[in-house]
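Below, each chain spelled out in residue letters.
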Amino acid sequence: MKSRIRRARAGFLLLLLLALSQAAGCGNFITGKSPEGSQAVREYRDTNGETLEIHFMDVGQGDATLIRQGNHAMLIDGGNNDKGTVLQSYLQYQGVENLDYVIGTHPDADHVGGLDVVLYKFSWDTVILPDLQKDTKTYQEVLEVIEDKGKKITYPEAGDVYTLGNAEFTVISPTGEDYGDNWNNYSVGILLQFGENRFVFTGDAEEEAEQDMIEENVDLSADVLKAAHHGSDTANTMAFLEEVGPTSVVISCGEGNSYGHPRAGAMNNFRSIGAKVYRTDEQGTIVAVSDGTEITWNCSPSESWKAGEPLGAQGAEMEKAGTDYGAGKDKGEAKNEYILNTNTKKYHHKSCGSVEQIQEENKEYSNLTPQKLEEQGYEPCKRCNP
Ligand SMILES: [Zn+2]
Ligand SMILES: [Zn+2]
């Protein structure tokens, strides 16, 4: 009897995956350009609630993950400002009508930028944000929609448990530590469980926050880890990876991004724990489906092990000299050169007086257009108005 159920379930999974991969081609099905595919996805929707679907959406440099369990759904992050309508189409395409939870891991634009559109266009129950007061325009737009809808924000505490249909998730960060101005470290992290399968998401939490999660002494072991901070080497420490022990790691980052994500150090760590790596910059939207015991993917793991290349001072110089630095042409380079503060996420004119105050470790040069920079979460300096 049990084996028959299993076989039926396997058959269903196969159909679902077939449908998903047809729609996806393991590529950019977030653009939703395949009407046949969209029908197939709807036809094989799991309305019986036997599976958990995780859609690591390709939103370029940023994060956005849709999780579905039966008729329940949640969204973790919403990509950059220009991704709001893309997310809206994707969610509609998937037949999502209500989001049980919307989590904005932290106020950075590459995480909460598109959330205002989603919160405005869809019905939702609970919005979870870290308890940080930030006055960036992007973040204020999110807060305004919540207020307009007459709802309250839920501030998470490590240990809080929420249910999503037959799945549940536990908040693992922030743990209440003070990280000063490093917003990344206040990221809302969760451990999602469905049957025996477990998934860990930590937003952009960096080394200090990873250490604090370990010190909480909760079981962080999981099958799948969404790489922290787009595969940065300021996160994804060996200590944390050993604690989670994932068999698969998913990296969400933009093709040819100027941060050089994923960084070689992080890639080496993933490799050394023997994890399979999936990445949105190479594979587009990635879908994992769990039946509670096994996890199936809509594409094969990436074999490239290719690290990103940061477009810092050196990169800008090389690009000016006409050297192909891997960022490619037609990616929005401008003639102007800007100075980035990677900590405050502001960009400045070279002549701006604030530039002198930027610490060397947070300073980067860029010749991307303001539009591209804003897509990557940067905001213009109010003093020099670049
Ligand atoms: Zn980020
Ligand atoms: Zn961030």
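Before any of the text, the structure's been laid out above.
In short, a report on the structure.

What counts as what
Residues numbered from 1 in each chain as written. Chains lettered and ligands numbered in written order. Predicted model: local features only at pLDDT ≥ 70, side-chain atom pairs only at ≥ 80, totals over all residues. Heavy atoms only, no water. Donors = N, O, S within 2.8 Å, 3.2 Å for Na, K, Ca; no water. Tetrahedral: all angles 85-135°; square planar, octahedral: opposite > 155°, others 65-115°. Buried < 20%, exposed > 50% of the residue type's maximum accessible area, 1.4 Å probe, protein only. Helix = DSSP H or I, 4+ residues; strand = E, 2+ residues; numbered from the N terminus. Expected span 1.5 Å × (residues − 1). Arc of directions from axis to C-beta.

1. Considering the coordination of the zinc ion (ligand 2)
Think of it this way: four donors in a tetrahedron around the metal ideally sit 109.5 degrees apart, and six in an octahedron ideally sit 90 or 180 degrees apart.
Part 1: Taken together, the protein donors to the zinc ion (ligand 2) comprise H106 (NE2), D108 (OD), N184 (OD1) and D204 (OD), at separations of 1.9 to 2.3 Å.
Part 2: Every donor counted, the four donor atoms about the zinc ion (ligand 2) form angles of 83 to 158 degrees at the centre, which fits irregular coordination.
Part 3: Between consecutive donor residues of the zinc ion (ligand 2), the sequence gaps follow H-x1-D-x75-N-x19-D.
Part 4: Between the two metal centres, the zinc ion (ligand 2) and the zinc ion (ligand 1), the spacing is 3.6 Å, with D204 acting as a shared donor.
Part 5: Look at H106 and you get buried, because its relative accessible area is 0%.

2. Observations concerning helix α6 (residues 137-148)
Part 1: Under the 1.5 Å per step criterion, the end-to-end length of α6 is 16 Å for twelve residues, consistent within 8% with the ideal 16 Å.
Part 2: Listed as buried for α6 are T138, Y139, V142, L143, V145 and I146. The arc that holds the buried residues of α6, viewed along the axis, is 155 degrees, so those residues lie on one side. Exposed positions of α6 whose direction lies more than 90 degrees from the buried face are K137, E147 and D148.

3. What about the coordination of the zinc ion (ligand 1)?
Part 1: D110 (OD), H111 (NE2), D204 (OD) and H230 (NE2) make up the full set of protein donors to the zinc ion (ligand 1), lying at 2.0 to 2.2 Å.
Part 2: For the zinc ion (ligand 1), the four donor atoms in the first shell make angles of 84 to 152 degrees at the metal, a pattern classed as irregular.
Part 3: Considered as a linear motif, the donors of the zinc ion (ligand 1) on their single chain read D-H-x92-D-x25-H.

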